[in-house]
Amino acid sequence: MRSHEAGALHGQAGDRGPAWLRRPDDPDELVPHLWADNVSKVDGVLTVAGESAPDLAQRYGTPLYVVDEDDFRRRARSFREAFGPDVDVYYAGKAFLCVATARWVEQEGLNLDVCTGGELAVALRAGFPTARIGLHGNNKSVAELRRALEVGVGRIIVDSVEEIDRLAALTAELGVDAPVMVRVTAGVEAHTHEYISTSHEDQKFGFSIGDGSALEAVRRIASVPGLRLLGLHSHIGSQIFVTDGFEVAARRVLQLHGQIAAELGVTMPELDLGGGFGIAYTTQDDPSAPGDLARNLTKIVDEECRAQQLDRPRLSIEPGRAIAGPSTFTLYEVGTTKSVGLDGGASRRYVSVDGGMSDNIRPALYSADYSCTLASRGSDAPAVLSRVVGKHCESGDIVVKDEYLPGDVRAGDLLAVPGTGAYCRSLANNYNHVPRAAVVAVRDGESRVIVRREDEDDLLRLDVG
Ligand SMILES: *Cc1c(COP(=O)(O)O)cnc(C)c1O
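Residues numbered from 1 in each chain as written. Predicted model: local features only at pLDDT ≥ 70, side-chain atom pairs only at ≥ 80, totals over all residues. Heavy atoms only, no water.

**As for the pattern of salt bridges**
- Scanning the entire structure with this criterion turns up 30 salt bridges.
- A salt bridge links Asp 165 to Arg 220; the shortest N-O distance between them is 3.0 Å. Here Asp 165 is found in helix α6 (residues 161-174), whereas its partner Arg 220 is found in helix α7 (residues 213-222), with 55 residues between them in sequence.
- When the shortest N-O distance is used, the salt bridge between Asp 458 and Arg 452 registers 2.6 Å.
- What makes Asp 458 buried here is its relative accessible area of 11%.
- When salt bridges that share partners are traced, they join Glu 69, Asp 70, Arg 73, Arg 77, Glu 108 and Arg 443 into one network. (Salt bridge = Lys/Arg side-chain N within 4 Å of Asp/Glu carboxyl O. Helix = DSSP H or I, 4+ residues; strand = E, 2+ residues; numbered from the N terminus. Buried < 20%, exposed > 50% of the residue type's maximum accessible area, 1.4 Å probe, protein only.)

**Here's the deal with the domain arrangement of the protein chain**
- On domain assignment, one finds that the protein chain holds domain 1 (19-68 + 326-461) and domain 2 (69-323).
- Here the C-alpha centre of domain 2 lies 33 Å away from the C-alpha centre of domain 1.
- The interface of domain 1 with domain 2 comprises 30 residues on the first partner and 23 residues on the second.
- Of the roughly 2400 Å² buried where domain 1 meets domain 2, counting both sides, 56% is carbon and sulfur surface.
- On the surface where domain 1 and domain 2 come into contact, there are 3 salt bridges.
- Ionic pairing is found between Arg 74 and Asp 37, a salt bridge with its closest N-O pair at 2.7 Å. (Domains from an automatic or database assignment. Contact = heavy atoms within 4.5 Å. Buried area = accessible area lost by both parts, 1.4 Å probe.)

**A few points about the sheet that holds strand β2 (residues 45-48)**
- The antiparallel open sheet is built from 3 strands, whose spatial order is β1-β2-β3. The sheet is open, and its two edges are formed by β1 (39-42) and β3 (51-52), each paired on a single side.
- Bridge analysis of β1 against β2 gives 4 bridges, and the strand direction is antiparallel. Opposite Ser 40, over in β2, you have Thr 47 as the bridge partner. (Pairing = 2+ DSSP bridges.)

**Description of the layout of surface pockets**
- The computed volume of the second largest pocket comes to approximately 660 Å³.
- As for the second largest pocket, its lining consists of 20 residues, of which Leu 97, Val 122, Arg 425, Arg 436 and Val 451 are closest to the centre.
- Listed by contribution, the elements that provide at least two residues to the lining of the second largest pocket are α4 (117-125) and β23 (446-451).
- Top contributing element to the lining of the second largest pocket by residue count: α4, with 5 residues.
- In terms of domain composition, the lining of the second largest pocket takes at least three residues from each of domain 1 (19-68 + 326-461) and domain 2 (69-323). (1 Å grid on protein atoms, 1.4 Å probe; cavity = no way out; pocket = protein on both sides within 12 Å on 5 of 7 lines; lining within 4 Å. Points joined across faces, edges and corners; volume = space filled by probe spheres on them.)

**Notes on the nonpolar core**
- By size, the foremost hydrophobic cluster in this structure holds 104 residues, and its most contacted members are Tyr 91, Ile 156, Val 182, Leu 232 and Ile 450.
- Residue contributions to this core peak at 7 residues, all from helix α8 (residues 243-264).
- Summarising the domain contributions, this core has at least three residues from each of domain 1 (19-68 + 326-461) and domain 2 (69-323).
- Those residues in contact with Ile 450 that lie beyond four places of it in its chain are Val 67, Phe 96, Cys 98, Ala 100, Trp 104, Val 439, Val 440 and Ala 441.
- Ranked by size, the runner-up nonpolar core spans 23 residues in total, among them Leu 34, Trp 35, Ala 375 and Leu 414. (Core = buried A, V, L, I, M, F, W, Y, C linked by side-chain atoms within 4.5 Å.)

Next comes the structure, spelled out in structure tokens:
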């Protein structure tokens, strides 16, 4: 077990790290499970699929998102293979969607979830088969729904009464059917290492099972001729490690599935259990392999169906982070360093890099933890507890809150942060008018830009003066 290590924190004065963080014997060494398959160090220099970090930084600039394309594809494929031909795997595009990743996902045999008209536009630009696209969102506009129906998306996951009425009007107007699923909330709130089971849900997504609104939504859909009800949909959260939360949710959703068959005489052919499978950002995290997830989830569904004497609906799942996240690291250049005195005579080393909350807002948004390594050279200097921060005008602009880095890290060095493939570029912003970073894909010793870096013209394009 790698999770929740009680790290040895009895180091020298100046150590103010969290309990889980261990002082490494060799700070140059990579912790393999935090990095993409084809990343390693050669004489202290980080390389990915045959390209070295300094070469990539020189050619494309920093900050730079570097995707190990084969790793991304392998993770996509491993979900599909682990769950087998009876389960549809939808890549949750919001984790990171661009034309290239949409094509990789399509080529590896997965389907695709989008949740806005913009994400749908990217999928269409990539030529993604529309029958394999699902449309999510708690407030889809009429224009978004119309577009989805016109291009023929495979399913629309409805989230409100208004949406049912909008779809009723649109299907009548356009003379088409809408395949729909009903987003339900099962009263399960999942956090990284725990879950909470609640009787009612205080959040914006879905129809509650507990208060009867999910059943009411199904009844309403069944009364509209243009709506074809595929099944129920449940997504309990993100970066989840415990399968208990999935288990409780799946059982509640299947009970509703059975109740709908018994009370309304409506047999739904499908069931979606959502995504949210956790990844390793630091040594605290110990994610399950897709094979274990597949075994656990299908066992729960089979048991519940047997108990209720139901035919098993066709399952689907929606991993996003678990496919995109580990495939990518972000490369930064160090600009300044300083030591700041703490109470008791200790000090903390701040290392400032040329990006920050504009390319990775997760530490500021969720207090997310990351790790990092010196990427441009080896070092024999003793490790010191460091905090890597960005260049933005916020003291919460933290990239890696606590990490042991060689004590001689200095301006001009490159640092690499693993696990930045999901919810980093997709949440990137222009705070302080910092141009958004490029995304480069590396495969078999070849690199190419898949999302180009913004420049000053991009920054000023919308400013009409
Ligand atoms: C965000 C989301 C996902 C993907 O979550 P990950 O944590 O990236 O796996 C899947 N389904 C729905 C409905 C979502 O909102």
